[in-house]
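The primary structure of each chain is shown beneath.
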Amino acid sequence: MDHFLYKDGELHAEDVPLREIAASVGTPFYCYSTATLERHFRLFDEALEGTEHLVCYAMKAASNLAILKVLAAAGAGMDVVSGGEYARAKAAGVSGDKIVFSGVGKTREEMRLALTGGIRQFNVESEPEMQRLNEVALELGVKAPITVRVNPDVDAKTHAKIATGKKENKFGIPISRAREVYAVAARLQGLDVVGIDVHIGSQLTDLEPFRQAYEKVKELTLALRADGHTIKRLDLGGGLGIPYQRSNDAPPLPTDYGAVVKDVLGDLGCEIEIEPGRLIAGNAGVLVSEVVYVKEGEDRKFLILDAAMNDLIRPAMYEAYHDIVPLMEPPVGQVPEPYDVVGPVCESGDTFAKGRNMPRMNEGELVAFRSAGAYGAVMSSEYNSRPMIPEVLVKGDQFAVIRPRPSLEDMLKRDSIPQWL
Ligand code: LLP
C-alpha cells in the first residue's frame, strides 16, 4: 500500500494534490511520500521481529539525503556501495556501526574512508579485495570487520540484468570455495570475520529462490562454525519485488519473506541483516510529467511527454513496466485508448510504453509514473542536455523541494574551457 491516492478527483501524495506541486516546481519532477517510506521500512522491521536484526536500506535505490534522514530516524541502517554513498549515510546522521559496505570493486580510498569513519562490516566479494582490505586495515592499525559474499548459484527468476546469484555473475565467491576462502581470511591479521553475506538479485517475485539460497547459507554457517570460525551475523541482501502492474501483480509481502528467513535461519543464533532498496522506496515515489503533444502517427497515437529516458531509464534498460496514470481521475466508464508513451529524446529507445491503454489524454495534462521511487532519480542523467529534474518530499499536507532543478546556467557552469581555447 502507498499514499498516492485519488481524492476529490485528483491524485494526491498523502494530503497534497500533485497538481499543486507541479504548479510550484514545474514538470517533470519526482515526488516521494514520507508515510510510505516509513511504512515500508516498518514492514520489514516487523517481519523480522523476534530475531535480532538490522534493516539496512540499500540506498542505491534512492539516495537523496532527505529520504535517508526519514529512514535513519525510523531506525534503519544503510547498505552502501561507494565512497559517495558512505558519505551520504554519514551526512544523514547514520553512525558507522549501522553501515554495511557492499560492492565488487571497493577501492583503497573507499576502504580508508569507511575504516576511519566507522563501519559495521565490509561485505567482501573476492580474494584480491580481501587482501587489499587487510593491507589498508593494517596500515591504519585497525581490524576490518568482514563477511564474505557467497554466490549460491541459484536462479532468482528475474530480469537477467538484475540477477546476481548465478555462477556466471560477477558477484561474490562461489559457495563451493567458501571454506577455503574463510580459512585465508582467518589468517589475515587486519580482518575480523563476523559472518556471511548473500544477495541473489532484485525484483524477485517468488520466495523459493530466497529459500534455496538461505538453505545453502545455513549449511555453510554450520560448516564454518565446525571449522572454528565465529559466524554471528548473516547479511541476506535485498531483492524482494514490488507490484509494478497493480492490476495483476501480487508479489510476496515482507511478512512472508520474514517468515522464510526465520524458518530457515531462525535457530542459528545469528543476527540477521537485510538490505532492501526497491521495496522501501519504489512505491514511495512517482514521476510527474506533462503531455507536450499528442501526435497522430500512421497507425498509432503518440503521447509525447516532457519526461524522457534520461529521467527514468528503467523502461529502456530493463523493458520495465510502470503504471502511467492521469493526475485528474478519469470519468467512470470512459473507454481507454492505446497510446505509445514516449519522451522527447532523440532515440527510439526513449519509449516508456507501447500500445498502453489509457484514458483520453490532451496536451497540457499531467500524468504520474507510479512505482518510480526506486532506481528512478538515482539513475537519471543529463543526456540531451536536459537538466536533472527536481525531487520533492511530502509529509502530510506539507511538501518541500529536496533537490532543486538546476538552471541551464548551473548546468553549463559545470564545464570548464581549457586555456588554449
Ligand atoms: N544489496 C545488494 C548487494 C544489491 O546489489 C542490491 C541491488 C540490493 C541490496 C537492493 O536490492 P533491492 O531490494 O532494491 O532489489 N537498477 C535496477 C536494480 C538494480 C539492483 C542492484 N542491486 C532496476 O532499476 O531494476
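Numbering of residues begins from 1 in every chain and follows the order in which that chain's sequence is written. With the structure being a predicted model, the display of local features is reserved for residues of pLDDT at least 70 and the display and counting of side-chain atom pairs for 80 or more, all residues being used for whole-chain, interface and lining totals. Calculated side-chain values reflect all of the structure's heavy atoms, with hydrogen atoms and water omitted.

Undergrad: Explain the domain arrangement of the protein chain residue by residue, including any values.
TA: Each domain's extent is set by a domain assignment, obtained either automatically or from a database. Examined at the domain level, the protein chain breaks down into domain 1 (4–31 + 282–413) and domain 2 (103–274). Computed from C-alpha atoms alone, the centre-to-centre distance between domain 1 and domain 2 is 36 Å. Residue classes follow a fixed rule: Ala, Val, Leu, Ile, Met, Phe, Trp, Tyr, Cys and Pro count as nonpolar, while Asp, Glu, Lys and Arg count as charged, and any other residue, Gly among them, counts as polar. Of the residues assigned to the side of domain 1 that touches domain 2, the class counts are four nonpolar, four polar and four charged.

Undergrad: Explain the site of the ligand to me, using residue names and the numbers behind them.
TA: Think of it this way: one heavy atom of a residue within 4 Å of a molecule or strand is enough to make that residue near it. Among the 18 residues in the neighbourhood of the ligand, the closest are listed as Ser 202, Glu 275, Arg 278, Arg 314 and Tyr 375. In this structure, Tyr 375 approaches the ligand through a side-chain N or O atom, which is 2.6 Å from an oxygen atom. Surface accessibility in these figures is a Shrake-Rupley result with a 1.4 Å probe; residues are shielded only by whichever protein chains are displayed. In isolation the ligand exposes 590 Å². Once the protein is present, 91% of that is buried. A molecule is said to occupy a pocket when more than half its atoms come within 2 Å of that pocket's grid points, and by this definition the ligand occupies the largest pocket. Class assignment for the residues of the shell around the ligand results in six nonpolar, six polar and six charged. Two domains each provide a minimum of three residues to the shell around the ligand, namely domain 1 (4–31 + 282–413) and domain 2 (103–274). Between N or O atoms, a polar contact is any pair within 3.5 Å; within protein, one atom must be a potential hydrogen donor and the other a potential acceptor, and residues adjacent in sequence are included only when both atoms are from side chains. The method works on a 1 Å grid over the protein atoms by themselves. A cavity is a set of points holding a 1.4 Å probe that cannot get out, a pocket is an open set with protein on both sides within 12 Å along at least five of seven lines, and residues with an atom within 4 Å of a point line them. Molecule-in-pocket calls rest on the fraction of atoms, with more than half required to lie within 2 Å of the cavity or pocket grid points.

Undergrad: Give me the lowdown on the pattern of salt bridges, citing residues and values where you can.
TA: A side-chain nitrogen of Lys or Arg and a carboxyl oxygen of Asp or Glu constitute a salt bridge if their distance falls within 4 Å. Per the stated rule, a full pass over the model turns up 29 salt bridges. Taking the shortest distance from any N to any O, the salt bridge between Arg 149 and Glu 125 comes out at 2.9 Å. In this pair, Arg 149 sits in strand E9 (residues 144–151) while Glu 125 sits in the loop between strand E8 (121–124) and helix H6 (127–140), placing the two residues 24 residues apart along the sequence. Classification of Glu 125 as buried rests on a relative accessible area of 4%. One salt bridge in this structure joins Glu 271 and Arg 233, with 3.8 Å as the shortest N-O distance. Of this pair, Glu 271 sits in strand E13 (residues 271–274) while Arg 233 sits in strand E12 (residues 233–235); the two residues are 38 residues apart in sequence, bridging distant segments of the chain. Arg 233 shares its class with Glu 271; the two are buried. Here the salt bridges share partners, and the residues they tie into one network are Asp 2, Arg 246, Asp 323 and Arg 370. We count a stretch as a helix when DSSP gives it H or I for four or more residues in a row; a strand needs E for two or more, and each element gets its number in order from the N terminus. Type-normalised accessible area, obtained with a 1.4 Å probe on protein chains alone, sets the label of each residue: buried when under 20%, exposed when over 50%, and partly exposed for intermediate values.

Undergrad: Could you give me a rundown of empty space enclosed by the protein, with the residues and numbers involved?
TA: Grid points are joined across faces, edges and corners, and a volume is the space filled by probe spheres set on the points. Inspection of the entire model under this criterion finds one cavity of 30 Å³ or more. For the largest cavity, the calculated volume is near 50 Å³.

Undergrad: Outline helix H1 (residues 18–25), listing residues and values.
TA: Residues that lie three or four places apart on an α-helix share one face, since the helix turns once every 3.6 residues. The complete set of buried residues in H1 reads Leu 18, Ile 21, Ala 22 and Val 25. Down the axis of H1, the buried side of the element spans an arc of 100°, and every buried residue falls inside it. Directly beyond the C-terminal end of H1, a positive phi value near 80° is found at Gly 26. The directions from the helix axis to the C-beta atoms are what the arc is built from.

Undergrad: Just give me the short version of the packing of aromatic side chains, but keep the residues and values in it.
TA: Any Phe, Tyr or Trp ring, taking Trp's six-membered ring, that has another such ring centre within 6.5 Å forms a pair; planes under 30 degrees apart are called stacked, those over 60 apart edge-to-face, and the others tilted. Tallied over the entire structure, the rule returns seven aromatic pairs. For the ring pair Phe 210 and Tyr 214, a centre distance of 5.9 Å and an interplane angle of 35° mean the geometry is tilted. Of this pair, Phe 210 and Tyr 214 both sit in helix H8 (residues 208–226), separated by four residues, roughly a single helical turn. A residue is classified by how much of its surface remains accessible, and Tyr 214, at 1% relative accessible area, is buried. Both rings, one in Tyr 214 and one in Tyr 257, keep their centres 6.3 Å apart while their planes meet at 70°; by these two values the pair is edge-to-face. In this pair, Tyr 214 sits in helix H8 while Tyr 257 sits in helix H9 (residues 254–265), placing the two residues 43 residues apart along the sequence.

Undergrad: How would you explain the side chain of Thr 164 if you had to name every residue and give the values?
TA: Inspection of the secondary structure assignment puts Thr 164 in the loop between E9 and strand E10 (173–174). Looking at Thr 164, the relative accessible area reads 9%, which means it is buried. There is a polar contact of 2.9 Å between the side chain of Thr 164 and the backbone oxygen of His 199. Sequence-distant contacts of Thr 164, defined by excluding residues within four places in its chain, comprise Arg 149, Asn 151, Asn 169, Phe 171, His 199, Ile 200 and Gly 201. By definition in these notes, contact holds between two residues if any of their heavy atoms fall within 4.5 Å.

Undergrad: Provide a residue-level description of the nonpolar core, including the pertinent values.
TA: Soluble globular proteins: nonpolar side chains tend toward being buried together. Ranked by internal contacts, the top residues of the largest apolar core, which has 101 residues, are Tyr 57, Phe 122, Ile 146, Tyr 214, Leu 234, Leu 236 and Tyr 257. Per element, the largest residue contribution to this core is six residues, and it comes from H8. Here this core gathers at least three residues from each of two domains, domain 1 (4–31 + 282–413) and domain 2 (103–274). Contact partners of Tyr 57, with chain neighbours within four places excluded, come to Ala 62, Ile 67, Leu 68, Leu 71, Gly 77, Met 78, Asp 79, Pro 276, Gly 277, Ile 280 and Ala 281. In terms of nonpolar packing, the next biggest core, distinct from the first, is built from 18 residues, Ala 22, Val 25, Cys 31 and Leu 327 among them. Take the buried Ala, Val, Leu, Ile, Met, Phe, Trp, Tyr and Cys residues and link them wherever side-chain atoms come within 4.5 Å; each set so joined is a nonpolar core.

Undergrad: So what's going on with the layout of surface pockets? Which residues, and what values?
TA: Empty space within the largest pocket amounts to approximately 600 Å³. Around the largest pocket, the lining comprises 29 residues; the ones closest to its centre are Lys 60, Thr 164, Phe 171, His 199 and Tyr 375. Grouping the constituent residues of the lining of the largest pocket by class yields 10 nonpolar, nine polar and 10 charged.

Undergrad: Please set out the packing of helix H7 (residues 178–187) against H8 residue by residue, giving values where relevant.
TA: Axis definition: a line fit to C-alpha positions, over the contact stretch in the case of helices; interaxial angles, taken between N-to-C directions, run 0 to 180 degrees. For the pair H7 and H8, the least separation of the axes is 11 Å and the interaxial angle reads 45°. Comparing the axis directions of H7 and H8 gives the class oblique. In this structure, H7 meets H8 at a crossing whose hand is right-handed. Between H7 and H8, the contacting residues are Ala 178, Arg 179 and Tyr 182 on the first element and Leu 220, Ala 223 and Leu 224 on the second. Residue classes in the contact of H7 with H8 are distributed as five nonpolar, no polar and one charged. The cut-offs work like this: below 35 degrees is roughly parallel, past 145 is roughly antiparallel, 65 to 115 is roughly perpendicular, and the gaps in between are oblique. Here a crossing is called left-handed whenever its near helix is offset anticlockwise from the far helix by less than a right angle, and right-handed whenever the offset is clockwise.

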